[in-house]
Each structure stands twice: as structure tokens, then as C-alpha cells.
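# Structural features, examined
Below, each chain spelled out in residue letters.
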Amino acid sequence: MCFEQLERFNIRPTPFSAYTAEDLWNDPHISERMLALHLDGDVAMASPTAEFIERAVAWITHRCAIDDASRVLDLGCGPGLYANPIARTGAAVVGVDFSERSIRFAERSADPEASPTFILGNYLEVDVPGDFDLVLMAMYDFCALSPDQRHQLLDRIREWVRPGGRFVFDVYALRALNERQESVTYAPNLMDGFWSAHPYHGFLRTFVYPERGVTLDKYEIIEAHRTRTIYNWLQHFDQASIAKELDGAGFVVDEFRRDLAGTERDSESSEFCVVAQSR
């Protein structure tokens, strides 16, 4: 990096001023590495462990009374780690994700007798038939969206879910924000070659916006033939702020839990699960 590039790299961006998630998840190399992380059931990185997902599916389906008469929408479904086991309850399940590699894996791994439907596309844009009993959004997807995107999404979910239906999702708590610090990291082939199949230099600049409850991991990936900038934004919430956003979109909070497996909420947790009901 030359001096001017380093200067630009260290400029503090306005929160959510750049969005690279869709391009990132469809990069051939990165999507392959990400899918491998999703499918490693022993490591809680791209997805929780297989044991946690099993408990989460059991709790969610029980809590929301999901049965063979139910319709479930899984937003950001990835390779179907929640959608496919929920479909095995007999519920009619639709999964939406903009990663083609993940969607194709979800389709291949689905139980033929369960027959879930998978839609390739951005859930902020695709058309989905409504009248769902449950809309699920797992792995903190809600936190990656800007305030405008969250407003748009909640309006869409309000149209999709039936009156009295539920929206269940998890978010990062403000406690997690307090644990983050601003930093700069450099390494050749940063993150063990995750960002490219070719040699590269990787820079990571972490910004913290405590007044906005936001963090940014900004990656600069420099290869011989190209340079890419990747923005990973995360919004953090407390119970009051998430309840206010939901109320404005026509939802009321049923309860908060520590996680999607229904663990009892405690003040030391860096995340929490929200069960909201459509009014």
C-alpha cells in the first residue's frame, strides 16, 4: 500500500455507507470457503454447531407451535441448516438466500419427502408468497442491515406473516459492542487464504461507533491483479431499541431469550433472541 492508499484505508466511513455482502457471498472462492465453515458442525463460525442447531430447531418449532399445517419462511437460509430440519416436521418451508452456492447445497441436501422450496435472491427484493406462521432469521443477519434496510425488511415481513404469526431472530447485544476495540491487522494471505485462491496481502481495520451501537470490520485485500474493499457492518441492540423498531413495524415482543435455543436470558450475554408477534 502506498501512503495515499493507507490514508484512505484509515478514514472512518459513515455507518452503513457501503454494502458489499451480496458480492462477497457470491465470490466463487469465498463462497466455497464459507460453505465449508457452515457445514463444519463442530465449529461455531459461519454457523452455530450442529448440536446447537438441533436444539434451536426443537425450541423454535415448539415455541411457535410449528406442525404439518404451518408455513415457515427462513430468511438468509444459507445451506438450509435450519430450513431443512424444520421442513422435516411437515411444515411447508421456504428458504431465501442470495448465495447461489449455499442455495444449491440446501436443495441437494433436502429430504425429498419434506420438499422445502428455496429461492435464490436478496430477501429485500425477491417476491415471496405471504401468509406465513413463522419468519425466521438466524445467525445475526438482522445486525448486518442498515436502519433503512431493517425498516424495509420489517415492512416486508409484516406483509408476509399472518396476523398473530411470529418473527424469530437473534441479534448482538450492546455488551458485545463493549468488548470490541479499534485495531489494525496485517498479514500475508490474511485468515489463511480465506479471501482468495491467489496470494494476497490482507489488511483489517476495525472501527467502533459506540454512539451508534455499530462496529465495522473493513478488509482491504490486495492481489497482484486487483484490490478489493469489504465492509462487514454489525448493529448492536438492547431490548428497548429492538422493541421500538418492531413496534414501528406492527410487531410486539413476546419475549427475549439468550439464544435461538431458548436459553434463559441473562445480563452477561453478548447476544439475545427475539420472539415477536404480528399485531
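Below is a summary of the structure that appears in this document.

Thresholds, definitions, all that
Residues numbered from 1 in each chain as written. Predicted model: local features only at pLDDT ≥ 70, side-chain atom pairs only at ≥ 80, totals over all residues. Heavy atoms only, no water. Salt bridge = Lys/Arg side-chain N within 4 Å of Asp/Glu carboxyl O. Buried < 20%, exposed > 50% of the residue type's maximum accessible area, 1.4 Å probe, protein only. Disulfide = S-S within 2.5 Å. Helix = DSSP H or I, 4+ residues; strand = E, 2+ residues; numbered from the N terminus. Pairing = 2+ DSSP bridges. Lys, Arg positive; Asp, Glu negative; His and termini not counted. Polar contact = N/O pair within 3.5 Å; in protein donor to acceptor, adjacent residues only side chain to side chain. Contact = heavy atoms within 4.5 Å. Axes fitted to C-alpha atoms, helices over the stretch in contact; angles between N-to-C directions. Parallel < 35°, antiparallel > 145°, perpendicular 65-115°, else oblique. Nonpolar A, V, L, I, M, F, W, Y, C, P; charged D, E, K, R; others polar.

### Observations concerning the pattern of salt bridges
Considering all chains together, one arrives at 19 salt bridges under this definition. We note a salt bridge from glutamate 264 to arginine 257, for which the minimum N-O separation is 3.2 Å. In this structure glutamate 264 comes out as exposed when scored by relative accessible area, which is 57%. Among the charged side chains, a salt-bridge network with shared partners connects Arg63, Arg166, Asp254, Glu255, Arg257 and Glu264.

### Side note on the state of the cysteines
Applying the stated criterion to the full structure yields zero disulfides. Left without a disulfide partner, cysteine 64 is nearest to the cysteine sulfur of cysteine 273, which lies 8.7 Å away. You can call cysteine 64 buried: its relative accessible area is 10%. Of all cysteine sulfurs in the structure, the one in cysteine 64 sits closest to cysteine 77, which takes part in no disulfide; the separation is 18 Å. For cysteine 77, a relative accessible area of 6% corresponds to the buried category.

### With respect to the pairing of strand β1 (residues 71-75)
By the criterion of burial, β1 is predominantly enclosed, with four of the five residues buried. Sheet topology places β1 next to strand β2 (residues 92-97); five bridges connect them, and they run parallel. Along β2, the bridge assignment pairs valine 72 with valine 93. Bridge count for β1 against strand β4 (residues 132-137) is four bridges, and the pairing is parallel. Opposite leucine 75, over in β4, you have methionine 137 as the bridge partner.

### A short note on the side chain of arginine 156
Among the secondary structure elements, arginine 156 is positioned in helix α7 (residues 147-160). Of the side chains with opposite charge, aspartate 127 comes closest to the buried, unpaired arginine 156, at an N-O distance of 4.3 Å. Among the polar contacts made by the side chain of arginine 156, one reaches the main-chain carbonyl oxygen of tyrosine 123 at a distance of 2.8 Å. Leave out the neighbours within four places in its chain, and arginine 156 touches Tyr123, Leu124, Glu125, Val126 and Asp127.

### Things to note about the environment of alanine 56
Here alanine 56 lies in helix α4 (residues 50-63). With 78 residues separating them in the primary sequence, alanine 56 and leucine 134 have C-alpha atoms 14 Å apart.

### Here we look at the packing of helix α3 (residues 28-39) against helix α6 (residues 100-109)
Put simply, α3 and α6 touch, their axes get as near as 9 Å, and they point 45° apart. When the axes of α3 and α6 are compared, the pair comes out oblique. Here Pro28, Ser31, Glu32, Leu35 and Leu39 of α3 lie close against α6, whose contacting residues are Arg101, Ser102 and Phe105. For the contact of α3 with α6, a count of residues per class yields four nonpolar, two polar and two charged.

Read these as spatial facts, not as claims about activity.
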